[in-house]
Amino acid sequence: MEISRIIDAHADQPLPHQLLMSWLKDYKRPNDKVLGLKARGFLVPLKKGLYIAGPSATEKKPDALIVANHLSGPSYVSVETALSYHGLIPERIYEISSMTTKASRTFKTAMGLFTYYRLPLPYYSFGLDMVRLSSNQYAIVASPEKALCDKIVSTSGLTLRSIRNAYDYLVDDMRMDESGLKDLDVGAIHGWLTDAPKRDSLLMVLKMIEQL
């Protein structure tokens, strides 16, 4: 099969350099072939060693949540991106935000802006879901509860000192849906508190949710 057809057949996922090399193993100079595919628009680089199918191959692209998992790892999609995915905030989110155990950083790519915030272990590992985005594509996304906690934890300068502070921030400022907040699993959040940064602020969030 021609390499252009192979790229088209895998256009719903990011394409690591190692995968391209396996497709081009019969070429004497596979790296030169990759350069040629880039120049002709069959591959679009996202970062060094990671590509997506280009417009000369197909108009299809992988889901941005899957791309986020691949751009920097370990990582999972969270904060506003996950809150929007779960329907807790009304806005459509264009910047894809994730959490990582590595240093915080941002990638400007052909698919948009991807931002990563550092979290400590073991708190990082709590509340992660593998969500199905298509028939054969999955991404690691924070649960609604973890995305909410991550938003509090990762927002610089934010301290919630009272139940009223928590309500004003989440409902008025973030425009989170009250009924959605009521449905959150507060028991899960309670279980994370011991290892969570900003424990006192998260406790105010819990108390506020329990009073709704």
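Residues numbered from 1 in each chain as written. Predicted model: local features only at pLDDT ≥ 70, side-chain atom pairs only at ≥ 80, totals over all residues. Heavy atoms only, no water.

Novice: Tell me about the pairing of strand E2 (residues 43-47), and name the residues and values.
Specialist: In this structure, E2 lies alongside strand E3 (residues 50-53), joined through four bridges in antiparallel fashion. In the strand pairing of E3, Leu 43 is matched with Ala 53. As consecutive antiparallel partners, E2 and E3 are separated by two residues, and within that stretch Gly 49 has a phi angle of approximately 90°, a positive value. (Pairing = 2+ DSSP bridges. Helix = DSSP H or I, 4+ residues; strand = E, 2+ residues; numbered from the N terminus.)

Novice: Residues and numbers for the pairing of strand E7 (residues 112-118), please.
Specialist: Pairing of strand E5 (residues 96-100) with E7, which is carried by five bridges, proceeds in the parallel orientation. Within the sheet, the bridge partner assigned to Ser 97 lies in E7 and is Thr 115. In terms of strand pairing, strand E6 (residues 105-109) meets E7 through five bridges, oriented antiparallel. When the bridges of E7 are listed, Arg 105 appears paired with Tyr 116. Between E6 and E7, which pair antiparallel and follow one another directly, the connecting turn spans two residues.

Novice: Give me the nonpolar core: which residues, what numbers.
Specialist: Counting 55 residues, the largest nonpolar core has Phe 114 and Leu 148 as its most contacted members. Per element, the largest residue contribution to this core is six residues, and it comes from helix H10 (residues 199-211). When residues no more than four places from it in sequence are discounted, the contact partners of Leu 148 are Leu 83, Leu 170, Met 176, Leu 181, Leu 184, Val 205 and Ile 209. Of all hydrophobic cores here, the second largest spans 15 residues; its members include Ile 6, Ala 11, Val 34 and Tyr 51. (Core = buried A, V, L, I, M, F, W, Y, C linked by side-chain atoms within 4.5 Å. Buried < 20%, exposed > 50% of the residue type's maximum accessible area, 1.4 Å probe, protein only. Contact = heavy atoms within 4.5 Å.)

Novice: Can you explain the packing of helix H6 (residues 144-154) against H10? Please cite residues and give values.
Specialist: Relative orientation of the contacting elements H6 and H10 amounts to 140°, with a least axis distance of 10 Å. The angle between H6 and H10 places the two elements in the oblique class. The handedness of the crossing between H6 and H10 comes out as right-handed. Contact residues: H6 offers Leu 148, Cys 149, Ile 152 and Val 153, while H10 offers Ser 201, Leu 202, Val 205 and Ile 209. Grouping the amino acids of the contact of H6 with H10 by side-chain chemistry returns seven nonpolar, one polar and no charged. (Axes fitted to C-alpha atoms, helices over the stretch in contact; angles between N-to-C directions. Parallel < 35°, antiparallel > 145°, perpendicular 65-115°, else oblique. Left-handed = near helix turned anticlockwise from the far one by under 90°. Nonpolar A, V, L, I, M, F, W, Y, C, P; charged D, E, K, R; others polar.)

Novice: Go over a negative patch on the surface with me, naming the residues and quoting the values.
Specialist: A cluster of like negative charges, contributed by Asp 172, Asp 173, Asp 177, Glu 178 and Asp 183, occupies part of the molecular surface. Mapped onto the secondary structure, Asp 173 falls in helix H7 (residues 163-173). Judged by its relative accessible area of 56%, Asp 173 falls in the exposed class. (Patch = residues over 30% accessible without salt bridge, like charges linked within 9 Å, V, L, I, M, F, W, Y side chains within 5 Å. Areas by Shrake-Rupley, 256 points an atom, 1.4 Å probe, with all protein chains shown as cover. Salt bridge = Lys/Arg side-chain N within 4 Å of Asp/Glu carboxyl O. Lys, Arg positive; Asp, Glu negative; His and termini not counted. Charge placed at Lys NZ, Arg CZ, Asp CG, Glu CD.)

Novice: How would you summarise the environment of Leu 212 if you had to cite specific residues and measurements?
Specialist: Of note, Leu 212 is situated in the segment after H10. Sequence separation between Leu 212 and Asp 150 is 62 residues; the distance between their C-alpha atoms is 21 Å. Ignoring sequence-local partners within four residues, the contact set of Leu 212 consists of Tyr 167, Glu 178, Leu 181 and Lys 182.

Novice: Tell me about the sheet that holds E3, and please be specific about residues and values.
Specialist: Across the sheet, which stays open at both edges, the three strands sit in the order E1-E3-E2 with antiparallel pairing between neighbours. Only two strands of the sheet have a single partner each, and these edge strands are strand E1 (15-16) and E2. Its contacts with the sheet put helix H3 (residues 30-39) on E2 and E3, and the angle it makes with E2 is roughly 105°. Seen against the sheet, helix H4 (residues 64-71) touches E2 and E3 and runs at an angle of roughly 55° to E2.

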